[in-house]
Amino acid sequence: MFDFLRRKLRLAHLRKGKPAPRTHRDLSPDLKTNLTAIRRELGASPDLIIRCLKLGSGAEGTGALLFIDGLIDQQVVNRDVIFPLLNGVKRGKFQDGDDLLKYLAQNVLAVGEVKKEPQFGPVVEALLEGETILLLDGHDEALLLSTKGWEKRAINEPDAERIILGPHDGFTENLRTNTAMLRRKITDPGLHFEEMKLGRRTRTGVVIAYLKGVVNEKLVEEVRARLKRVNLDMVLDANYLNEFISDAPLSLFPTVTFTERPDVVAAKLLEGRVAIFVDGTPVVNTVPALFVESFQSPDDYNFPFYYATFIRWFRYLSFFLGVLSPALFVALATYHQELIPTSLLITINAATEGTPFPLAVEMVMMGAVFEIIREAGIRLARPVGQTISIVGALVIGEAAVTAGLVGAPTIIVTATTAITTFVVPDLLGPGIYLRLIYTILAGVLGAYGILIGLLFTLLHLVSLRSFGTPYLSPLAPISAGDFKDVIVRAPIWALGTRPRMIGWPRPQRQPIGFPPSGDEGEEGEAEDDG
Amino acid sequence: MDQGKISAGQLTLLIMSFTIGSWVVLPTGIQAWQNLWLIMFMGLGTGLLFAYLSLFLFRRFPGKTLFEIHERVYGPVLGKFISLCFLWFFLQTGGGTLAIFKTLLRSTVFTATPDLAILVPLILILVYGCRRGIEVIARSNQLLIMSTVGLVLVSILLVVNIFNPENLLPFFNLPFSEVIWTSISLAVFPFGQNVLFMMILPRVNRWQKVNGAVLKGMIGAGLVLSTIQFLAVGVLGKSGQILVFPTYEFYRMINIAQFLTRLELIPLLNFLTMGFIKTILCLYALAVGTAQVFNLRTYRPLALPFGLFLLLVAERIFPSISEHMRYLEEVQTFFGLIFSLLLPMMTLGIALLRGLPRRRMAP
């Protein structure tokens with residue numbers, strides 16, 4: 001069924017056709033013509049500033065400086081571009097007959113990056129990206145001066161991924177800041193960035209980051225190829241790409257992970273993954289994604305390993321409770337009462353005595369109520385949020401039971417579900433669906449229904465791949481060497497190899513093996529080949 | 001055709017699941033009840049002999065499924081005919097497994113549920129999994145067999161307080177002929193049905209490792225089955241002989257401090273997953289085999305019709321548990337012997353006589 005849908009989608013995609021190519025006209029040697037053309041292209045936007053300049057003497061010296069107000073660093077333009085331009089030519093060693101443009105670029109302009117561009121299209125693009133354009137009369141080339149600078153948000157701790165210990169910085173909306181934060185974490189010449197522009201109209205900067213020597217080259221190629229296929233007119237967030245490049249776009253499970261934390265991205269690159277930065281969003285995608293990744297938190301590595309292992313087990317437990325507890329309760333109380341201890345059974349039956357609906361219906365209803373409360377809590381302003389929790393707790397919880405609409409056990413199970421779901425935020429979306437499906441199956445077929453649902457989920461999960469890596473690895477296919485960071489969180493000195501399925505070209509990350517001791521004799525026994 | 005590849009380790013686990021499959025809930029050779037856990041090893045030994053016969057055949061034609069071997073050895077017409085016979089064998093194996101689990105569920109948990117309500121969802125998942133190919137089956141099996149082995153290990157601990165070693169006595173109070181007969185019937189079912197893997201072996205990525213994988217898989221399965229049987233005898237004693245599903249019933253007796261009681265649903269569902277793997281492999285072999293017999297490009301469209309076919313077989317050929325048990329007792333051993341021993345032996349003999357494969361043709 002999914003194959004069929006996918007085929008349809010692909011066809012629909014093909015039918016859309018390709019966007020018309022931008023015209024690649026050359027610049028005219030006449031300054032006026034160029035300015036008119038740019039004005040026509042951009043319209044009468046008030047933020048387009050055109051500053052006419054008179055450089056040197058004679059007709060040759062007429063020029064114009066163009067930039068978009070708000071996208072440039074005002075100080076840089078004034079101090080390092082306009083001021084030298086007005087003074088430099090007169091004072092300098094410029095002689096008639098030299099190429100003025102070349103002279104300016106080499107001797108006068110005090111900005112970091114200066115490019116020559118003969119074509120009209122790229123000039124406009126550069127202008128819109130915050131570069132300053134210098135046009136000279138009589139030259140059919142423009143100078144692009146990198147003067148980008150705009151208002152930025154300060155570096156904050158990401159709200160969605162809080163941790164207790166460890167670095168508290170998070171990515172911002174600025175692409176360059178983000179890549180710089182990554183460079184600060186990994187000072188390795190192998191850290192490569194590749195930039196491309198995606199989105200026909202937004203022309204958003206997208207950067208692929210990987211660690212050469214660690215990453216599998218084929219993976220980088222695959223990421224590149226898939227990003228090239230992206231044919232959207234806008235890319236406003238990482239998720240736009242995420243849904244475009246993931247292996248199973250129709251699956252409930254995420255085959256691309258995302259994070260706002262530089263330390264997480266650094267760790268993932270060092271495992272041989274590839275990161276995709278998108279300009280304008282603090283969210284960074286990493287591929288390939290694994291199921292078990294959702295259960296790992298940076299805190300796991302910032303706390304002692306025995307504690308981290310313990311917490312990780314509880315994360316697994318919480319996920320399964322969150323997904324299965326309503327279904328299990330429905331199945332046990334409806335079909336398999338003999339499996340419930342007698343005293344508990346009596347309590348449950350007494351509580352659900354006078355309620356009008358079957359247990360499965362109650363459960364689905366309360367699940368829906370909970371989702372509504374949650375959504376309302378997110379959207380509302382913070383002071384009103386309090387009201388929501390009171391209404392949720394008192395009116396719906398307490399009153400529904402007192403009024404005899406639902407049984408008290410249903411409320412307890414729903415509450416358990418509500419809390420446990422948030423332990424693994426990455427799988428929130430799949431969790432909601434799975435819970436609903438399992439609850440309905442349990443209402444229809446009891447524990448057998450749950451088993452059917454689980455088998456279906458299992459078959460689906462093992463058939464998923466994320467950029468060539470089986471989604472459920474290292475559980476299936478089993479690679480026992482990777483259990484050290486999945487089933488437990490082994491001590492850092494024992495995490496000697498990268499995940500085999502991802503980082504296999506350079507599996508070893510440090511000398512493998514021994515617990516560190518005062519004795520230095522063991523050092524150098526196992527050579528690092530990275 | 002399916003292009004998926006599985007590793008030798010995955011093959012081992014598949015063989016374990018397949019062998020554990022249906023026998024785990026409906027043991028045969030019940031007349032030797034108290035010694036069944038020991039005779040299991042004799043059955044295993046005989047079963048391994050059968051398996052190595054087939055493997056010998058496979059190693060002469062590496063990379064070829066049983067059906068392709070048939071066509072090479074017997075020629076197209078006779079070869080296809082023998083292949084069709086094997087299809088019937090797969091159908092009956094799969095249908096029988098389905099029937100066992102249907103009966104188990106109907107007689108224990110869902111006493112009032114109609115057959116179709118139990119079978120149809122299962123068939124749909126089987127078809128879904130079968131269409132996904134052998135890789136997906138092998139990977140999902142890895143998790144399922146792990147949980148089964150884990151459950152068996154845990155149940156050793158759980159039955160400690162109700163396990164009575166005296167229940168195991170007397171040892172070998174059987175006539176010798178009975179021992180031989182039981183071990184042969186065990187060699188045929190569950191071990192002999194592994195001949196189905198002749199359809200799957202070419203999908204193993206390194207065929208040189210196949211022998212070891214089969215050996216490990218069958219021994220593993222033998223150990224699991226023997227352990228369960230051992231626990232069942234120790235817990236239930238002689239009375240277990242009159243139960244239809246003894247390996248499942250003994251979980252009923254578990255009682256740890258009045259807290260862990262009535263755990264039978266867990267093994268029930270767990271064993272069901274083994275049956276699931278067994279049936280899905282039968283379905284896969286059926287679909288792939290048919291595609292090969294009729295030279296089809298892909299087996300995928302065949303999964304659904306054969307799934308429904310399995311449903312039909314489960315409903316029609318094994319309508320009730322008593323008939324099924326009679327089938328297992330009186331027919332299964334002879335029927336199975338034809339396919340797991342005689343036909344492969346004949347194929348091998350003729351291949352040797354004809355000097356196949358000729359060196360030049362060997363890959």
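This next bit is on the overall build of chain A. When helices and strands are counted, chain A shows 16 helices and twelve strands. When the 530 residues of chain A are sorted by exposure, 46% land in the buried category. Considering only intrachain contacts with a sequence separation of at least 6, the fraction spanning at least 24 residues in chain A is 64%. Carbon and sulfur atoms provide 60% of the accessible area of chain A, an area that totals close to 26600 Å².

A few words now on the overall build of chain B. From N to C terminus, chain B includes twelve helices and two strands. When its helices and strands are written in sequence order, chain B yields α-α-α-α-α-α-α-α-α-β-β-α-α-α. For a compact globule of 363 residues, the expected C-alpha radius of gyration is about 21 Å, and chain B comes in at 20 Å, within 12% of that figure. Projected onto its principal axes, the C-alpha positions of chain B cover 70 × 45 × 35 Å. Looking at the 363 residues of chain B, the share that counts as buried comes to 61%. Sequence-distant contacts, at least 24 apart, represent 85% of the contacts inside chain B between residues at least 6 apart. Summed over all atoms, the accessible surface of chain B reaches about 13900 Å², with 68% contributed by carbon and sulfur.

This paragraph deals with the sheet that holds strand S2 (residues 62–68) of chain A. Residue and element names in this part refer to chain A. Spatial ordering of the open sheet is given by S1-S2-S4-S5-S3, a layout of five strands whose pairing is antiparallel. In this open sheet, the two edge strands, each paired with only one partner strand, are strand S1 (48–54) and strand S3 (114–117). Neighbour-to-neighbour, the strand axes of the sheet open up by a mean angle of 25°, direction not taken into account. Where S2 and strand S4 (residues 132–136) come together, four bridges link them in antiparallel fashion. Directly across from glycine 63, in S4, lies its bridge partner leucine 136. Sheet strands touched by helix H2 (residues 31–42): S1, S2 and S4. Its angle to S2, the strand with the most contacts, is close to 15°. Each of S1, S2, S3, S4 and strand S5 (142–145) touches helix H5 (residues 120–128); the most contacted strand, S2, lies at about 50° to it.

With that settled, consider the nonpolar core. It is characteristic of soluble globular proteins that their nonpolar side chains tend to be buried jointly. Residues B:Leu11, B:Phe86, B:Phe90, B:Phe276 and B:Leu281 are the most contacted members of the largest nonpolar core, which totals 179 residues. Among the elements that line this core, the one with the most residues is helix H10 (residues 265–293) of chain B, at 19 residues. One finds A:Val206, A:Leu227, A:Leu241 and A:Val287 within the second-largest nonpolar core, a separate group that totals 22 residues.

This next bit is on the side chain of A:Ser325. Residue and element names in this part refer to chain A. With respect to the element layout, serine 325 can be found in helix H11 (residues 305–334). Exposure remark for serine 325: the relative accessible area of 12% places this residue in the buried category. Not counting chain neighbours up to four residues away, the residues in contact with serine 325 comprise Phe320, Val413 and Thr417.

Quick look at the pairing of strand S6 (residues 191–198) of chain A now. All names here are of chain A. Here eight bridges tie S6 to strand S7 (residues 204–211), and the two strands are oriented antiparallel to one another. Its bridge partner being in S7, lysine 197 is matched across the sheet by glycine 205. Where S6 hands over to S7, the hairpin turn is made up of five residues, of which glycine 199 adopts a positive phi near 90°.

Residue and element names in this part refer to chain A. Across the sheet, which stays open at both edges, the five strands sit in the order S6-S7-S9-S10-S8 with antiparallel pairing between neighbours. The sheet terminates laterally at S6 and strand S8 (257–259), the two strands that pair on one side only. On average, each strand axis in the sheet is tilted by 25° relative to the strand beside it, whichever way the strands run. Helix H7 (residues 217–229) rests against S6, S7, strand S9 (274–278) and strand S10 (284–287) of the sheet, and its axis sits at about 170° to S7.

It is worth spelling out the interface of chain A and chain B at this point. Each partner contributes residues to the interface: chain A has 24 residues there, and chain B has 28 residues. Across the chain A/chain B interface, buried area totals approximately 2600 Å², and carbon plus sulfur atoms make up 75% of it. When the area that chain A buries against chain B is broken down by residue, the three leading residues are A:Leu339, A:Tyr448 and A:Leu459, summing to 25%. Two residues, A:Arg465 and B:Glu135, come together in a salt bridge whose shortest N-O distance is 3.3 Å. Across the contact surface, chain A and chain B share six residue pairs in polar contact (both at pLDDT 80 or more). Among the elements that line the side of chain A that touches chain B, the one with the most residues is helix H16 (residues 428–463) of chain A, at twelve residues. Looking at side-chain class alone, the side of chain A that touches chain B contains 18 nonpolar, three polar and three charged residues.

Turning to the pairing of S10(A), a few remarks are in order. Residue and element names in this part refer to chain A. Of the two faces of S10, the one lined by Val284 and Thr286 and the one lined by Asn285 and Val287 are each fully buried. Relative to S10, S8 runs antiparallel, the two being bridged by three bridges. Counterpart to threonine 259 in the pairing with S10 is valine 284. Bridge count for S9 against S10 is four bridges, and the pairing is antiparallel. Considered in S10, the bridge of valine 274 is made with valine 287. Where S9 folds back on S10, the antiparallel hairpin that results is connected by five residues, among which glycine 280 adopts a positive phi of roughly 90°.

Here we come to the packing of H2(A) against H5(A). All names here are of chain A. Relative to each other, H2 and H5 sit at 60°, their axes nearing to 11 Å. If you check the angle between H2 and H5, you find them oblique. H5 is crossed by H2, and the crossing has right-handed handedness. Residues Asn34, Ala37, Ile38, Glu41 and Leu42 of H2 form the contact with H5, whose own contacting residues are Phe120, Val124, Leu127 and Leu128.

It is worth spelling out the domain arrangement of chain A at this point. Residues and elements named next belong to chain A. Taken domain by domain, chain A comprises domain 1 (31–145), domain 2 (175–289) and domain 3 (305–466). Here the C-alpha centroids of domain 2 and domain 3 sit 35 Å apart. Residue-level contacts link nine residues of domain 2 with eleven residues of domain 3. The contact between domain 2 and domain 3 buries some 940 Å² in all, and 74% of this surface belongs to carbon and sulfur atoms. On the domain 2 side of the contact with domain 3, Asp247, Leu252 and Phe253 bury the most area, a combined 58% of that side's loss.

Residues and elements named next belong to chain A. On the surface, a nonpolar cluster with roughly 910 Å² of combined accessible area is contributed by Phe305, Tyr306, Tyr307, Phe310, Trp313, Phe314, Leu317, Leu321 and Ile487. Among the structural elements, phenylalanine 310 can be located in helix H11. Under the relative-accessibility criterion, phenylalanine 310 is labelled partly exposed at 44%.

Tallied over the entire structure, the rule returns 33 aromatic pairs over all chains. For the pair B:Tyr251 and B:Phe271, a centre-to-centre distance of 6.4 Å together with 70° between the ring planes defines the contact as edge-to-face. Note that B:Tyr251 is positioned in the loop between helix H9 (246–249) and strand S1 (255–256) and B:Phe271 in helix H10, a separation of 20 residues in sequence. In this structure B:Tyr251 comes out as buried when scored by relative accessible area, which is 2%. An aromatic cluster of three or more residues is present, and its members are A:Phe253, A:Phe291, A:Phe295, A:Tyr316, A:Phe319, A:Phe320 and A:Tyr471. One cation-aromatic arrangement involves A:Arg226 over A:Phe467; the distance from NZ or CZ to the ring centre is 4.0 Å.

Criteria and cut-off values
By convention here, each chain's residues receive numbers from 1 onward along its written sequence. Labels are handed out in written order, letters beginning with A for the chains and numbers beginning with 1 for the ligands. Owing to the predicted nature of the model, reporting of local features is limited to residues with pLDDT of at least 70; listing and counting of side-chain atom pairs is limited to 80 or more, with chain, interface and lining totals taken over all residues. Hydrogens are left out, water is left out, and the side-chain values use all remaining heavy atoms of the structure. Here a strand is any run of E in DSSP of at least two residues, a helix any run of H or I of at least four, and the numbering for each starts at the N terminus. We call a residue buried when its accessible area falls under 20% of the maximum for its residue type, exposed when it is over 50%, and partly exposed in between, using a 1.4 Å probe and counting protein chains only. Note on contacts: a residue pair is in contact if any heavy atoms of the two residues lie within 4.5 Å. Note on areas: these come from Shrake-Rupley sampling with a 1.4 Å probe, and a residue is covered only by the protein chains present in the view. The atom set for the radius of gyration is the C-alpha atoms, and the globule formula is 2.2 Å times the number of residues raised to the power 0.38. Between any two strands, at least two bridges found by DSSP are needed for them to pair. To get an axis, a line is fitted to the C-alpha atoms, and for a helix only the part in contact is used. The angle between two axes follows their N-to-C directions and goes from 0 to 180 degrees. We call a set of buried Ala, Val, Leu, Ile, Met, Phe, Trp, Tyr and Cys residues a nonpolar core when their side-chain atoms join them within 4.5 Å. Throughout, the accessible surface (probe 1.4 Å) given up by two parts as they are put together, summed over both, is called the buried area. For this analysis, a salt bridge means a side-chain nitrogen from Lys or Arg found within 4 Å of a carboxyl oxygen belonging to Asp or Glu. Polar contacts, as counted here, are pairs of nitrogen or oxygen atoms within 3.5 Å of one another; within protein the pair requires one atom able to donate a hydrogen and one able to accept it, and residues that are adjacent in sequence qualify only if both atoms are side-chain atoms. Classification used: nonpolar for Ala, Val, Leu, Ile, Met, Phe, Trp, Tyr, Cys and Pro, charged for Asp, Glu, Lys and Arg, polar for all others including Gly. Should an angle fall under 35 degrees it is called roughly parallel, over 145 degrees roughly antiparallel, and 65 to 115 degrees roughly perpendicular, with every other angle called oblique. Working rule for handedness: look at the near helix, and if it is turned counterclockwise from the far one by less than a right angle, call the crossing left-handed; if clockwise, right-handed. Domain segmentation is taken from an automatic or database assignment of domains. Patch rule: a residue counts if its relative accessible area is over 30% and it has no salt bridge; like charges are joined within 9 Å, and nonpolar side chains (Val, Leu, Ile, Met, Phe, Trp, Tyr) within 5 Å. Each Phe, Tyr or Trp ring (for Trp, its six-membered ring) is paired with any other whose centre lies within 6.5 Å, and the angle between the two planes then decides the class: stacked below 30 degrees, edge-to-face above 60, tilted in between. A ring is considered to have a charge above it if a Lys NZ or an Arg CZ atom is located within 6 Å of its centre and within 35 degrees of its normal.

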